[in-house]
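# Structural characterization, general
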Amino acid sequence: MMRKHSSHIEAGSSSCCSGTCYCSKKVKVTICVVIWTVIAVIVALILAVIIKAATLQELFERMELGARDDPVFMSATEQEILERSQRLVDAISYRTISFSGTNLSLEAMTDFGTFLERVFPNLHDSDFVTFTPINTYSRLYRIEGTEKTLNPYLLCAHMDVVPEGDFDLWTHDPFDAGIVTESDGQDYIFGRGAIDDKHAVLGIMEALEYKVVNKEQPKRTFYIGFGHDEEVSGYLGAAEISITLEKMLKDNGEELDFLLDEGMFVVADIIPGINVPLIYIGVAEKGWAVVDLDAEGDQVHSSTPPLESSIGILAHGVANMEDNKQPSMFGKGPEIDTLRYAAPHATFLLKMILGNLWLFSGLVSSALELSSQTDSIQRTTTAVTIFNAGVKENVVPSQAHAVVNHRIHPSDNLEDVLELDRENADRVKVTLRDSFPPSEVSSYSNDVIPFQIVVNSALEVFPDAKPVPGLMVANTDTFHYKNLTDKIYRFTPVYNLPEDIARFHGIDERISVDIYSKVVQFYYRLMVNADFDVKIAPTAQVEVKPEEVEEFLEILEESDYESPINNTDSNLLPLTKVMEESDENSANETDSHLMILQDIPEEPNENPSNETDSGLPPSQDILEEDFDAMPVNETYSDMLPLESAPKDLDLYDLTPEEETFSNRTID
Ligand SMILES: CCCCCCCC/C=C\CCCCCCCC(=O)NCC(=O)O
């Protein structure tokens, strides 16, 4: 038996295995097949990873807005740049500090308002700018556009700042530093508020003042909202601005197209292997929770300390919370697109990783964890911000109290966060004091014009940087505006290296004179770019169902109307659709499609009220009987006021047929 077995082995060994082998030929063949299959799969995988890396495409496609190649920036001499910088220095000198919701520096805020009016006299005096004080200290401006066909947008910033913290750690006085030349040879405007957020307040004002002085009334109406208590949640400022703005929009028959607030920035050197600066646009914002932690113990003489003091119990709980972080949500929020958008600009090795996140997401998540800054984009963060206990050095206190501030990842939820807190601090009373949920994610697809406007404006001042959408890891006033628009972007064009990020709320906050001049340019470009939309189509998108269009056309047919346009299905297309189709349709056709619903009631010869042009109903509501009872003095946000249709633009030139049509009588 033994001999037979061994001869069988020997026979087999000559074909595949070298040396002693105890398998049958069949087994050996199977093993060979398995090994080669595994090798083939690995090779295929490696090839797939390499091919994917080699063929990575830029995900952001820049849309021509019209202003892009216009070299005319706000002109600025060295002297003007210096004067603008000096105005920011002066702005910083106002100690508009928010200490808490009930402890704001209101006198300084009043003075700051007066300062703005003094240094920007022209905009405050302009015919097309209206200023409304909100809750005494916050500020809302309406800048009236010349074209009423475009829905307005909102620029936000806040005028308050956080306290300077440890004054002695500052290299220069946080409220009185002026412009300082640093060892890198650059001039910096130092002080609390330099990047959070007085640079944006002043930058917006500078750009608007320039437009007013140069008689550049914008085509598109826009609003500016400056809150006075953002650093303590904005309930007195932005929340009140939002209420007034909502009413203004309603009264004017407008819908807010988009808003831009402070937020993320241009960031460089944040991920090793990505060697271009990233224009990081916050398309979503984390939620917020404040948690009180209370531990109890015996109050005793310090000469006979208890085995565990209240302080020890609390410290243990807090340390556990820091050690056992909230779980990574990598891949479930906008952070994945931050990396996907950045991937084409990475070294080849990093391209292989970022281009194949289906395979390497665990690795990437671990790499993000190595820095607290990058880690913040992938999980709910836990910051212990207050820790109090004890009254005297020889008394063991009975109570210890700490406060934890969570910023909640959009894919996380508060219940899970608190559950882990309670597990980590199991002998501590964990009480939720205050919270709000993460924001929705605003659309950043390439056909979203507001996203294009923001990114184009940033690219015009930072042409070498690459845009990426991402999560705003801190909070802004945008929370209070969320019911006004779903397109909310958080960005100012401040250029930050990782070490600069620590200056937010930290020590030696500063902005270079050079970057500040880009901030001003950015807001100016944004105001210009926001107008270019008008050449494409109104942004007000009227949703018209096909059956409603048919019904509408039937009414027109009955009223002897002959359409000059063959394709009547898309009489008023959403902008994105128009753009998609613009290649296929001739310009005139598309234009006509856009205009038809607007033109029909423009000059109704038998308008019962003769006053309808001040407020028109949504197109879907224009039914036969409505022609007899066209509402008067009513405004509808989804219809375009007709009296102001931009007829001066080529787009709206009518063919002779259309001319005839637009002058028809509708019975
Ligand atoms: C792949 C790119 C990774 C980028 C990681 C960026 C990390 C950013 C880290 C810090 C951002 C600091 C933002 C500061 C915003 C200031 C607004 C503010 O203070 N709001 C009040 C508040 O949040 O409490």
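Residues numbered from 1 in each chain as written. Predicted model: local features only at pLDDT ≥ 70, side-chain atom pairs only at ≥ 80, totals over all residues. Heavy atoms only, no water.

An unreviewed UniProt entry lists the protein chain under the name Peptidase M20 dimerisation domain-containing protein, with Tigriopus californicus as the source organism. Under Pathway (unreviewed entry), UniProt gives the following word-for-word description of the protein chain: "Lipid metabolism; fatty acid metabolism." (UniProt positions renumbered as here; feature names shortened; annotations may be inferred.)

Turning our attention to the overall build of the protein chain. Counting its secondary structure elements, the protein chain contains 20 helices and 19 strands. For the protein chain, the proportion of its 667 residues judged to be buried stands at 52%. Sequence-distant contacts, at least 24 apart, represent 80% of the contacts inside the protein chain between residues at least 6 apart. Surface summary for the protein chain: the accessible area is close to 30,700 Å², and the carbon and sulfur share equals 52%. (Helix = DSSP H or I, 4+ residues; strand = E, 2+ residues; numbered from the N terminus. Buried < 20%, exposed > 50% of the residue type's maximum accessible area, 1.4 Å probe, protein only. Contact = heavy atoms within 4.5 Å. Areas by Shrake-Rupley, 256 points an atom, 1.4 Å probe, with all protein chains shown as cover.)

In this section: helix 2 (residues 25–54). For helix 2, built from 30 residues, the straight-helix expectation of 44 Å at 1.5 Å per residue is met to within 8% by its first-to-last C-alpha distance of 42 Å. For helix 2, the complete set of buried residues consists of K28, V49 and A53. (Expected span 1.5 Å × (residues − 1).)

We now examine the domain arrangement of the protein chain. In many analyses, interface size is given as the accessible surface area lost on bringing the parts together. The assigned domain composition of the protein chain is domain 1 (78–270 + 442–531) and domain 2 (284–436). Between the C-alpha centres of domain 1 and domain 2 the distance comes to 30 Å. In total, domain 1 and domain 2 occlude about 1,800 Å² of area from one another, counting both sides; carbon and sulfur atoms represent 55% of this. Sorting the residues of domain 1 by area buried against domain 2 places L471, V473 and N475 first, and these three jointly supply 36% of that buried surface. For the pair domain 1 and domain 2, the number of links is one salt bridge. (Domains from an automatic or database assignment. Buried area = accessible area lost by both parts, 1.4 Å probe. Salt bridge = Lys/Arg side-chain N within 4 Å of Asp/Glu carboxyl O.)

Right, let's get into the UniProt feature "transmembrane region" (unreviewed entry) in the protein chain. Per the UniProt record, "transmembrane region" (unreviewed entry) is annotated on residues 29–51. Along residues 29–51, the helical share is 100% and the strand share 0%, with 32 Å between the first and last C-alpha atoms.

Spatially, three strands are ordered 6-7-19 in an open sheet, and the strand pairing comes out antiparallel. What marks the edges here is a single partner per strand, and that holds for strand 6 (179–181) and strand 19 (510–512). When strand polarity is set aside, the average angle formed by the axes of neighbouring strands in this sheet is 35 degrees. Relative to strand 19, strand 7 (residues 187–190) runs antiparallel, the two sharing three bridges. Each residue of the ladder has a partner; that of Y188, found in strand 19, is S512. The strands touched by helix 3 (residues 78–92) are strand 6, strand 7 and strand 19; relative to strand 7, the strand with the most contacts, the crossing angle is about 25 degrees. Packed on one face of the sheet, helix 16 (residues 513–532) meets strand 6, strand 7 and strand 19 and runs near 80 degrees to strand 19. (Pairing = 2+ DSSP bridges. Axes fitted to C-alpha atoms, helices over the stretch in contact; angles between N-to-C directions.)

Further remarks concern the packing of aromatic side chains. Aromatic ring pairs: the centre-centre distance and the angle between the two ring planes describe each pair. In the structure shown here, the tally under the stated rule is 18 aromatic pairs. Geometrically, the ring pair formed by Y341 and Y444 is edge-to-face, given 6.1 Å between the ring centres and 70 degrees between the ring planes. Linking Y341 in helix 9 (residues 335–342) with Y444 in the loop between strand 16 (429–436) and helix 14 (449–461), this pair joins segments that are 103 residues apart in sequence. You can call Y341 buried: its relative accessible area is 8%. Y444 gets classed as buried once you look at its relative accessible area, which sits at 15%. Clustering of aromatic rings is evident, with ring pairs tying together F60, Y341, Y444, F451 and Y489. (Phe/Tyr/Trp six-rings, centres within 6.5 Å; stacked < 30°, edge-to-face > 60°.)

The subject of this paragraph is the pattern of salt bridges. A full pass over the atoms with the stated rule returns 25 salt bridges. E206 is paired through a salt bridge with R87; the nearest N and O atoms lie 2.7 Å apart. Remark: R87 occurs in helix 3 and E206 occurs in helix 6 (residues 198–213); sequence separation between them is 119 residues. For E206, a relative accessible area of 4% translates into the label buried. Look at R87 and you get partly exposed, because its relative accessible area is 22%. The salt bridge partner of K392 is E393, with a shortest N-O separation of 3.8 Å. Judged by relative accessible area, which is 45%, K392 ranks as partly exposed. By relative accessible area, which is 72% here, E393 ends up exposed.

Moving on, we get to the packing of helix 6 against helix 16. Where helix 6 meets helix 16, the closest approach of the two axes is 8 Å, and the angle between their N-to-C directions is 55 degrees. Put simply, helix 6 runs oblique to helix 16. In the crossing of helix 6 with helix 16, the sense of the turn from one axis to the other is right-handed. Seen from helix 6, the contacting residues are H199, A200, L202, G203, I204, E206, A207, L208, Y210 and K211; seen from helix 16, they are Y516, V519, V520, Y523, Y524, M527 and V528. When grouped by side-chain class, the residues that make up the contact of helix 6 with helix 16 number 13 nonpolar, two polar and two charged. (Parallel < 35°, antiparallel > 145°, perpendicular 65-115°, else oblique. Left-handed = near helix turned anticlockwise from the far one by under 90°. Nonpolar A, V, L, I, M, F, W, Y, C, P; charged D, E, K, R; others polar.)

This paragraph deals with the site of the ligand. With respect to spatial proximity, 19 residues lie near the ligand, and among them I271, R407, A474, N475 and H505 are the closest. Residue D196 places a side-chain N or O atom 3.2 Å away from an oxygen atom belonging to the ligand. Between the ligand and H505, the relevant distance is 2.7 Å, taken from an oxygen atom to a side-chain nitrogen or oxygen of the residue. Residues belonging to the shell around the ligand are distributed by class as follows: ten nonpolar, four polar and five charged. (Near = heavy atom within 4 Å. Polar contact = N/O pair within 3.5 Å; in protein donor to acceptor, adjacent residues only side chain to side chain.)

A cluster of nonpolar side chains, V27, I31, I35, W36, I39, V43, L47 and I51, forms an exposed patch at the surface whose accessible area comes to about 740 Å². Counting through the fold element by element, L47 comes out in helix 2. Taking the relative accessible area as the measure of exposure, L47 reaches 46% and is therefore partly exposed. (Patch = residues over 30% accessible without salt bridge, like charges linked within 9 Å, V, L, I, M, F, W, Y side chains within 5 Å.)

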